[in-house]
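Here is what each chain is made of, one letter per residue.
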Amino acid sequence: MGIGVGRKSLYKAKETPSLVIVPSVPYLIIDGEGNSNEDEYTRSTRLLFSLHDLLCERTGVVENPVLECIWTAREIENREPWSWSAMIGEPHGMTDSLFKEVRDELAFKQGIPTLDIYRSNIEDGLCVTLLHTGPFSFEGKSFQMMEAYCKEQNLTRRGRSHREIYLDPPRRRRDDLKTILRLPVREL
């Protein structure tokens with residue numbers, strides 16, 4: 001079982017900030033608002049995993065899905081509320097017609113709407129990345145390290161968004177969770 005054709009290097013990071021160039025990657029995506037402890041987020045991510053599994057079953061591709069999320073602070077002053085785009089890299093060999101067929105099949109099987117799930121290629125470009133180990137509530141220190149690195153390297157963030165890549169299974173609650181953090185940046 002693999003992560004996905006040509007994507008393994010995107011799921012590695014050091015515990016200290018470093019630069020990475022993230023190319024265009026095709027994703028299955030669903031958007032929402034709120035935080036990761038809310039029902040909407042949980043339902044949405046479960047739906048993504050179910051769709052990915054069904055697509056892999058249909059195509060015969062064996063891949064381990066990795067949940068990622070782009071978090072955007074809607075109000076920069078207080079960092080709340082958040083809007084998010086939860087995503088999983090789409091299986092190799094995907095077509096638009098297969099996606100729509102399997103998405104509709106999933107809606108029928110589970111009796112839930114799936115039309116909010118869409119496909120898109122996302123290219124992050126130049127990013128500062130870091131492997132955060134620990135609870136999500138301690139990510140602030142990791143982001144401070146990344147911001148300090150940006151200053152040292154004469155870089156600035158692009159926008160108000162950041163990406164989190166969850167290397168551990170969803171809903172796992174431990175003190176040693178591994179999450180790759182990414183900030184899109186540009187040179188000053």
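These numbers come from a predicted model, not from an experiment.

Reading the values: rules and limits
Residues numbered from 1 in each chain as written. Predicted model: local features only at pLDDT ≥ 70, side-chain atom pairs only at ≥ 80, totals over all residues. Heavy atoms only, no water. Buried < 20%, exposed > 50% of the residue type's maximum accessible area, 1.4 Å probe, protein only. Helix = DSSP H or I, 4+ residues; strand = E, 2+ residues; numbered from the N terminus. Pairing = 2+ DSSP bridges. Phe/Tyr/Trp six-rings, centres within 6.5 Å; stacked < 30°, edge-to-face > 60°. Core = buried A, V, L, I, M, F, W, Y, C linked by side-chain atoms within 4.5 Å. Contact = heavy atoms within 4.5 Å.

> What should I look at first to understand the pairing of strand S7 (residues 178–187) in this one?
A regular strand places its side chains on the two faces of the sheet in alternate fashion. With seven of ten residues buried, S7 is to be regarded as a mostly interior element. Where strand S4 (residues 118–133) lies against S7, seven bridges are found, and the strand directions are antiparallel. Counted as the bridge partner of Leu131 is Ile180 from S7. Of the pairings in the sheet, the one linking strand S5 (residues 155–157) to S7 comprises three bridges and is antiparallel in character. When the bridges of S7 are listed, Arg157 appears paired with Val185.

> Just to check I follow, could you spell out the packing of aromatic side chains for this structure?
Each pair of aromatic rings is reported with the distance of its centres and the angle of its planes. Under the counting rule described, the total for this entry stands at four aromatic pairs. A ring pair is formed by Tyr41 and Trp84, whose centres lie 5.0 Å apart and whose planes are at 85 degrees; its orientation type is edge-to-face. Linking Tyr41 in helix H1 (residues 39–59) with Trp84 in strand S3 (residues 82–89), this pair joins segments that are 43 residues apart in sequence. Accessibility expressed as a relative area gives 5% for Tyr41, which makes it buried. Judged by relative accessible area, Trp84 falls into the buried class, the value being 2%. Ring geometry for Phe136 versus Tyr166: centroids 5.7 Å apart, planes at 80 degrees, classification edge-to-face.

> Looking at this structure, I do not really get the nonpolar core. What am I missing?
It is characteristic of soluble globular proteins that their nonpolar side chains tend to be buried jointly. In this structure, Tyr41, Leu48, Leu51, Leu67 and Ala86 are the most contacted members of the largest nonpolar core, which totals 24 residues. Among the elements of the structure, strand S1 (18–33), H1, strand S2 (67–73), S3 and helix H2 (96–110) are those that each provide at least two residues to this core. The leading source of residues in this core is H1, at seven residues. Aside from chain neighbours lying at most four places away, what touches Ala86 is Leu28, Ile29, Ile30, Tyr41, Thr45, Leu48, Leu67, Glu68 and Cys69. Counting 14 residues, the second largest nonpolar core, distinct from the first, contains Ile29, Ile70, Met87 and Leu131.

> Got a minute to help me understand the environment of Asp104 in this structure?
Examined against the element boundaries, Asp104 turns out to sit in helix H2. On a C-alpha basis, the gap between Asp104 and Leu115 in space is 8.0 Å, while along the polypeptide they are eleven residues apart. With residues near it in sequence (within four places) discarded, Asp104 still touches Thr114 and Leu115.

> What's the story with the pairing of S3 in this structure? I'm lost.
Of all eight residues in S3, seven are buried; the element is thus mostly enclosed. Across seven bridges, S1 lies against S3 in antiparallel orientation. Counterpart to Tyr27 in the pairing with S3 is Gly89. Alignment of S2 against S3, held across seven bridges, turns out to be antiparallel.

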